[in-house]
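Analysis of the macromolecular model
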Amino acid sequence: MHLLKNKKGLSVVVTTLIILVVSVLLATVVTFYAINVTTTRVQEESLFLTKQHVWFNTTGSWAQAAIVIVNTGGKDVVLDKIAVRGQDSEWQTVYYWRTSNITISDDLDVTSTNITGASFSITVQGATRTFQRASDDLTLKSGWTMVLYIMNPDSAALNDGGITVFTSNAQYYKETNIEAAQ
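Since the model is a prediction, treat every value here as computed from it, not as a measurement. (Residues numbered from 1 in each chain as written. Predicted model: local features only at pLDDT ≥ 70, side-chain atom pairs only at ≥ 80, totals over all residues. Heavy atoms only, no water.)

**Some points on the overall build of the protein chain**
Each helix and strand in the protein chain was counted, giving one helix and eleven strands. Along the chain direction, N to C, the helices and strands of the protein chain fall in the order α-β-β-β-β-β-β-β-β-β-β-β. Taken over 182 residues, the protein chain has a buried fraction of 35%. Across the protein chain, the fraction of contacts at a sequence separation of at least 24, relative to all contacts at a separation of at least 6, is 71%. Of the accessible surface of the protein chain, which amounts to about 11,100 Å², a share of 54% is contributed by carbon and sulfur atoms. (Helix = DSSP H or I, 4+ residues; strand = E, 2+ residues; numbered from the N terminus. Buried < 20%, exposed > 50% of the residue type's maximum accessible area, 1.4 Å probe, protein only. Contact = heavy atoms within 4.5 Å. Areas by Shrake-Rupley, 256 points an atom, 1.4 Å probe, with all protein chains shown as cover.)

Shown next, in the form of structure tokens:
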């Protein structure tokens, strides 16, 4: 009975500590929630490389590389650099064709001659496509596909190699064998 008649409450120090602890816990929960929301909704860069080839023509003394790049990420990307067998390719040797509505399931073919000029045409996915010569970094929108042909990549010889695509955030590598162009 004596406790029920006691009119004193918690001390000021205990009350202040409880309010402080509750405030810190609430702030922590809100912070974790905000981090979770922002990290799950951030659009990430992701490229899928496929159909890679490096061809070497021993009779014509030229080489050629080709690859299909699909932007499967949630944001547009800028291709900063392309390397074949670890050697950077100059932009004037890179030819590209972009599409937003054609899925590339057929394999890529080597051209019958050395690629020169501002553009060239080759059959891709059952239709003739015109490839433009790159002059600077290439952009690839989210959900789009790009087919690249690289003429005379440095150090192409009859050995194993690979194609590396560089963006500002990452590099993507795809191993390939060097094939004889016929």
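**Things to note about the side chain of Arg 129**
Tracing the backbone through its elements, the reader meets Arg 129 in strand β7 (residues 127-133). Comment: no salt bridge for buried Arg 129; closest opposite-charge side chain is Asp 106, at 8.2 Å. Every residue in contact with Arg 129, bar those within four places of it in the chain, is listed here: Trp 97, Ile 102, Phe 120, Ser 121, Ile 122 and Val 124. (Lys, Arg positive; Asp, Glu negative; His and termini not counted. Salt bridge = Lys/Arg side-chain N within 4 Å of Asp/Glu carboxyl O.)

**Examining the pairing of strand β3 (residues 77-84)**
Regular strands show a simple pattern: their side chains alternate between the two faces of the sheet. Pairing geometry for β3 and strand β8 (residues 138-140), over three bridges, is antiparallel. Paired with Val 78 across the bridge in β8 is Thr 139. Bridge count for β3 against strand β4 (residues 87-88) is two bridges, and the pairing is antiparallel. Within β4, the position partnered with Ala 83 by the bridge is Asp 88. Count of turn residues in the β3/β4 antiparallel hairpin: two residues, of which Arg 85 carries a positive phi of about 55 degrees. (Pairing = 2+ DSSP bridges.)

**Some points on the pattern of salt bridges**
Under the counting rule described, the total for this entry stands at one salt bridge. Residue Lys 81 is joined to Asp 88 by a salt bridge in which the shortest nitrogen-to-oxygen separation is 3.8 Å. Assessed through its relative accessible area of 30%, Lys 81 is described here as partly exposed.

**Brief notes about the pairing of strand β2 (residues 62-71)**
Summarising burial for β2: nine of the ten residues are buried, a large majority. Two elements, strand β1 (residues 47-57) and β2, share nine bridges in a ladder whose sense is antiparallel. Its bridge partner being in β2, Phe 48 is matched across the sheet by Val 70. Of the pairings in the sheet, the one linking β2 to strand β9 (residues 145-151) comprises seven bridges and is antiparallel in character.

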